[in-house]
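# Examination of the molecular architecture
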Amino acid sequence: AQSVTQPDARVTVSEGASLQLRCKYSYSGTPYLFWYVQYPRQGLQLLLKYYSGDPVVQGVNGFEAEFIKSNSSFHLRKASVHWSDSAVYFCAVSEKGANTGKLTFGHGTILRVHP
Amino acid sequence: ETAVFQTPNYHVTQVGNEVSFNCKQTLGHDTMYWYKQDSKKLLKIMFSYNNKQLIVNETVPRRFSPQSSDKAHLNLRIKSVEPEDSAVYLCASSYGGADTLYFGAGTRLSVL
């Protein structure tokens, strides 16, 4: 069975600082990997996704993530955060080619950015 | 702006009552989902429908039943709610289960 671990429940950074949110997955095959963001009282919005190819994927609002197969990781990064990036970030995995829309999510990381 | 719309935003009810949540998507997608987000923010899939047909049905209590009138609508009925049903229910849609899901804002259910 697939699983996702986000080891940091909460992360606090100052505005303008760099950011890394960690994600490790467990999956026997080739996964599809996603990062979603949830702002207060809103649904989840896709930040970026990895299907294949270049292991570094670019997303919206300056976010990027790197797929490291040897480490089973898909960490999210941003060079300089803004206070509006405060939200809950979810890493998710799905089975490649399954076409079921069944995502397995991590527990999320609450990001707080100090102005 | 097209999106995934859920009603109501909030619902408070008592144990044993029946509730129904609505979801409509105007994205032209053919697959819709219900996910449950618990108090610790963990999300788990409950159901998915493709063109009005059930394709994923995770292990959920039988009191939960999805209802689809067409590919743009997927409602969720809970017959006789229990306290553990308190959660946020998120509706989502995609093209053919292709894994990029678009979510609604959710319906927060509180069972007293």
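Within each chain, residues carry numbers counting from 1 in the order of the written sequence. All chains are assigned letters beginning with A, and all ligands numbers beginning with 1, in the order in which they are written. Per-residue local features of the predicted model are confined to residues with pLDDT of at least 70, and side-chain atom pairs are confined, for both listing and counting, to 80 or more; whole-chain, interface and lining totals are unaffected and use all residues. Water and hydrogen atoms were dropped before computing side-chain values, which therefore reflect all heavy atoms in the structure.

## Structural notes on the packing of aromatic side chains
Any two aromatic rings considered together are summarised by their centre-to-centre distance and by the angle between their planes. Residue and element names in this part refer to chain A. Here is the rule: rings of Phe, Tyr and Trp (six-membered ring for Trp) pair when centre to centre is within 6.5 Å. Planes less than 30 degrees apart are stacked, more than 60 are edge-to-face, and the remainder are tilted. Here the structure, examined in full by the defined rule, presents 16 aromatic pairs over all chains. Ring centres of Tyr 36 and Phe 105 lie 6.0 Å apart, and the angle between their planes is 55 degrees; this geometry places the pair in the tilted category. Of this pair, Tyr 36 sits in strand β5 (residues 31–38) while Phe 105 sits in strand β11 (residues 104–105); the two residues are 69 residues apart in sequence, bridging distant segments of the chain. Accessibility classification places Tyr 36 together with Phe 105 in one group, the buried group. Judged by centre distance (5.6 Å) and plane angle (45 degrees), the ring pair of Phe 63 and Tyr 89 falls under tilted. Every helix listed is a DSSP run of H or I at least four residues long, and every strand listed is a run of E at least two residues long, numbered separately from the N terminus. Only protein chains enter the area calculation, which uses a 1.4 Å probe; residues under 20% of their type maximum are buried, those over 50% are exposed, and those in between are partly exposed.

## Let's talk about the pairing of strand β9 (residues 87–94) of chain B
All names here are of chain B. Of all 8 residues making up β9, 8 are buried, and the element is well covered by its neighbours. Neither face of β9 is left uncovered, since the one carrying Ala 87, Tyr 89, Cys 91 and Ser 93 and the one carrying Val 88, Leu 90, Ala 92 and Ser 94 both have all their residues buried. The pairing of strand β4 (residues 31–37) with β9 spans 7 bridges and is antiparallel. Of the residues in β9, the one forming a bridge with Gln 37 is Val 88. Of the pairings in the sheet, the one linking β9 to strand β11 (residues 107–111) comprises 3 bridges and is antiparallel in character. Bridge assignment links Tyr 89 to a residue of β11, and that residue is Thr 107. Of the pairings in the sheet, the one linking β9 to strand β10 (residues 102–103) comprises 2 bridges and is antiparallel in character. Paired strands, as defined in this entry, are two strands with at least two bridges between them according to DSSP.

## As for the state of the cysteines
The criterion for a disulfide is a pair of cysteine sulfur atoms lying within 2.5 Å. Counted by the stated rule, this structure contains 2 disulfides over all chains. Disulfide pairing places Cys23(A) opposite Cys91(A) at an S-S distance of 2.0 Å. Linking Cys23(A) and Cys91(A), the disulfide has an S-S dihedral of approximately -65 degrees and is accordingly described as left-handed. Linking Cys23(A) in the loop between β3 (19–21) and β4 (24–26) with Cys91(A) in strand β10 (residues 87–95), this pair joins segments that are 68 residues apart in sequence. Accessibility assignment for this pair places Cys23(A) and Cys91(A) in one class, buried. Disulfide partner of Cys23(B): Cys91(B), at an S-S distance of 1.9 Å.

## Quick word on the nonpolar core
Nonpolar side chains tend toward joint burial in soluble globular proteins. Residue and element names in this part refer to chain A. Buried Ala, Val, Leu, Ile, Met, Phe, Trp, Tyr and Cys residues form a nonpolar core when they are joined through side-chain atoms within 4.5 Å. Counting residues in each nonpolar core, the largest one holds 27 residues, and the members touching the most others are Leu 19, Trp 35, Leu 47, Leu 48, Phe 74, Leu 76 and Tyr 89. Breaking this core down by element, the ones donating at least two residues are β2 (10–14), β3, β5, β6 (44–50), β8 (64–68), β9 (73–78), β10 and β12 (109–114). Counting residues per element, this core draws most heavily on β10, which supplies 4 residues. Any two residues whose heavy atoms approach within 4.5 Å at even a single point are treated as in contact. Beyond its immediate sequence surroundings of up to four residues, Leu 47 is in contact with Trp 35, Tyr 36, Val 37, Gly 59, Val 60, Phe 63, Leu 76 and Tyr 89.

## Regarding the interface of chain A and chain B
With 23 residues of chain A at the interface, the matching set in chain B holds 22 residues. Once two parts are joined, some of their accessible surface, as seen by a 1.4 Å probe, is lost; buried area is that loss totalled over both. The junction of chain A with chain B conceals about 1800 Å² of combined surface from both sides, 54% of it contributed by carbon and sulfur atoms. In the sections that follow, a salt bridge refers to a side-chain nitrogen of Lys or Arg positioned within 4 Å of a carboxyl oxygen of Asp or Glu. Counting the contacts that link chain A with chain B gives 0 salt bridges. Throughout this description, a polar contact denotes any pair of N or O atoms lying within 3.5 Å of each other; where both atoms belong to protein, one of them has to be capable of donating a hydrogen while the other can accept it, and for residues adjacent in sequence the pair is counted only when both atoms sit in side chains. Between chain A and chain B we count 4 residue pairs in polar contact (both at pLDDT 80 or more) in total. Looking at the side of chain A that touches chain B, the elements with two or more residues in it are β5, β6 and β10 of chain A. When its residues are assigned to classes, the side of chain A that touches chain B shows 10 nonpolar, 9 polar and 4 charged. Ten residues, namely Ala, Val, Leu, Ile, Met, Phe, Trp, Tyr, Cys and Pro, are considered nonpolar, four, namely Asp, Glu, Lys and Arg, are considered charged, and the remaining ones, Gly among them, are considered polar.

## Some points on the pattern of salt bridges
Residue and element names in this part refer to chain A. Applying the stated criterion across every chain, the model contains 7 salt bridges over all chains. Linking Glu 64 and Arg 77 is a salt bridge whose minimum nitrogen-to-oxygen distance equals 2.8 Å. Of this pair, Glu 64 sits in strand β8 while Arg 77 sits in strand β9, and the two are 13 residues apart along the sequence. Glu 64 sits in the partly exposed class, given a relative accessible area of 21%. Taking relative accessible area as the criterion, Arg 77 reaches 24% and is therefore assigned partly exposed. The partner of Lys 78 in a salt bridge is Asp 85, and the shortest N-O contact between them spans 2.8 Å. Relative accessible area serves as the criterion here: at 3%, Asp 85 is assigned to the buried category. Taken together, the salt bridges that share partners define one network made up of Glu 64, Glu 66 and Arg 77.

None of the figures reported here should be taken as evidence of function without further support.
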